[in-house]
Amino acid sequence: MNDLIPELLSSFSLDYYRPIVPRALDLGEPLEPRAGNLVKVVTGMRRSGKSYRLFQEMENLLARGVSSERLCYFNFEDDRLAPVTSEVGDAVLEAFFRLHPSAADQGVYLFLDELQEMEGWSAWLRRVVDATKATIYVSGSSSKMLSEEISTAFRGRAIDFELLPYSFAEYAAARGAKVPSVTPSSQERRALQNLLDEYLVRGGFPAAVELPNPQAVALLQSYAQRVVSRDVVERHNVSKPRVASLFAQRLLGSNARELSIRKIEGDLRSAGIATSRELLGDLLAYFEQAYLVFTVREFSRALAQGGRRPPKVYAVDPGLAAANAWASVNDAGQRLENAVYLELRRRTRGLRRDGVSSYITKGHGYEVDFACGDALFGEVTELYQVNVDVDNERTRRRETRALFEALLETGNSEGTLVVLNGEERTYEQDGVRIRQVPAWKWFAQG
């Protein structure tokens, strides 16, 4: 047995990580340990807080009276373990039960962090599930871990939970601010507005929250570089790492904008960098699997029908996009739209992965930023437009006419206009209405 494994197990203590900032992601009631249990899997980009969400769950179990000797936490990302094989996983369990023999009979709570680092992890985990009296939590930095491998290997015996960086409400809590439950005073509104302005620049990666701005930018740049090098180039054996790096920067700079792979290919070729649309398409899929970016396509009643416009791309965090884009590329409107998309993604966890789309009206081809609903059944339940402000009459008319037309087409009675700067207002037309909401208030309501 690797002598490092018992050392890592015996030296782990939650005290090193306290106080643990609670996250809003609900993993449900903990299951009693048994063989064949449902596996709960937390996925998200590196450094978004997955480990701390596991620590939070461990704290909850301790508060319920579960003995610490029944809690087994192990991080498979430790470079000293390489290569991480199923034999390493077996050694972890063997060492833990040797240290805590009663846990085998009573049932163990396994917290397996960054399990995707193990070669053949899905087959190993299936064996552990079938043969061990356990409640199992897994974290991973790849959506592929769920959409492809877990769905195949576990056939309904695993449930996924996506963890994004801090929402605005979580960011405010981490900064020591409290969102008032009653109507805030003008001073409280200004404080929340200032905090939101800060959040849209700094983003919600936990480790960056308290750092001075230059250090936070450097840290966020290193996060993106690690995703490119470790989760894309290394994992998928990409032969052109420079293309991958430049494409990632271009995607983050295009945050909340339409994505044209054809144009990016042309720009790279003009700069003397050989690439192809096929390679860029593959890289985009890899970046999405690693949670660096998301693509949002046009809502369509027929999923097989092609959209009229290219998809938009959104970063996993507005601060990450701001730190990694070329200077002056990512403006406040882009960051706000990005943050609204991420919040809608959090609020629509029960829907399919395409639960948030853009919407193009059939009447005049007007664009609405976000439609929430089920494209498979052609159901739009909510419509959202996002803008920095609508003080200009032409801007207000453009934003509201698109929403009004979309409301009538989808049969919804109310839409939402989220503005960074502005007060609450209501617009009514043809029996439907638009509720204008200041962004700080809309985010706080989540």
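Keep in mind that this is a model prediction, so the values were computed, not measured.

Rules used throughout
- Within each chain, residues carry numbers counting from 1 in the order of the written sequence.
- Local features in this predicted model are restricted to residues whose pLDDT is 70 or higher, and side-chain atom pairs enter the listing and the counts only when it is 80 or higher, whereas totals over whole chains, interfaces and linings include all residues.
- Where side-chain values are given, they derive from all heavy atoms of the structure, hydrogens and water being excluded.
- By definition, two strands form a pair when at least two bridges between them are found by DSSP.
- Numbering of helices and strands runs from the N terminus, with a helix taken as a DSSP run of H or I at least four residues long and a strand as a DSSP run of E at least two residues long.
- Orientation is described by lines fitted to C-alpha atoms, with helices fitted over the stretch in contact, and by angles between N-to-C directions that extend from 0 to 180 degrees.
- Whether two residues touch is decided by their heavy atoms; if any such pair falls within 4.5 Å, the residues are in contact.
- Here a pair means two rings of Phe, Tyr or Trp (six-membered ring of Trp) with centres within 6.5 Å. Their orientation is stacked below 30 degrees between planes, edge-to-face above 60, and tilted elsewhere.
- Exposure classes here rest on a 1.4 Å probe applied to the protein chains alone. A residue is buried below 20% of its type maximum, exposed above 50%, and partly exposed in between.
- By definition, being over a ring means that NZ of Lys or CZ of Arg is both within 6 Å of the ring centre and within 35 degrees of the ring normal.

A. Focus on the sheet that holds strand 12 (residues 414-419). Taken in spatial order, the six strands line up as 9-10-11-12-14-13 in an open sheet, and their pairing is mixed. Edge positions in the sheet fall to strand 9 (356-360) and strand 13 (425-429), since each of these pairs with one other strand and no more. Across the sheet, the mean angle separating the axes of adjacent strands is 30° when strand polarity is ignored. Alignment of strand 9 against strand 10 (residues 367-374), held across four bridges, turns out to be antiparallel. Pairing of Ile360 across the sheet is with Glu367, part of strand 10. Against the sheet, helix 14 (residues 332-347) touches strand 9, strand 10, strand 11 (379-387) and strand 12, its axis set at about 10° to strand 10. Across the face of the sheet, helix 15 (residues 393-410) comes into contact with strand 9, strand 10, strand 11, strand 12, strand 13 and strand 14 (432-438) while running at roughly 180° to strand 11.

B. Focus on the environment of Thr85. Looking at the secondary structure, you find Thr85 in the loop between strand 2 (71-75) and helix 3 (86-99). Along the primary structure Thr85 and Lys240 are separated by 155 residues, whereas in three dimensions their C-alpha atoms are 27 Å apart. Other than its neighbours up to four places away in sequence, Thr85 contacts Met118 and Glu119.

C. Here's a closer look at the packing of aromatic side chains. All chains considered together, the criterion is met by 24 aromatic pairs. Ring geometry for Tyr314 against Phe370: centres 5.6 Å apart, planes inclined by 50°, an arrangement best described as tilted. Separated by 56 residues along the polypeptide, Tyr314 in strand 8 (residues 312-315) and Phe370 in strand 10 bring together distant segments of the chain. With respect to burial, Tyr314 and Phe370 carry one shared label: buried. Site record: aromatic cluster; members linked through ring pairs are Phe168, Tyr171, Tyr199, Tyr384, Trp442 and Phe443. When the ring centre of Phe294 is taken as reference, the NZ or CZ atom of Arg345 above it lies at 3.8 Å. One residue, Arg347, lies across the ring of Trp442, its end atom 4.2 Å from the ring centre.

D. Structural detail: the environment of Gln289. Residue position: Gln289 is located in helix 12 (residues 277-289). By relative accessible area, Gln289 is classed as buried at 16%.

E. Region of the structure containing the pairing of strand 1 (residues 39-43). In terms of burial, strand 1 is largely enclosed, as five of its five residues are buried. Of the two faces of strand 1, the one lined by Val39, Val41 and Thr43 and the one lined by Lys40 and Val42 are each fully buried. As paired strands, strand 1 and strand 5 (residues 158-162) are joined by five bridges and run parallel to one another. If you follow Lys40 over to strand 5, its bridge partner there is Ile159. Two strands pair when backbone bridges link them, and strand 1 and strand 4 (residues 134-140) are joined in this way by four bridges, in the parallel orientation. Note on strand 4: the bridge partner recorded for Val42 is Ser139.

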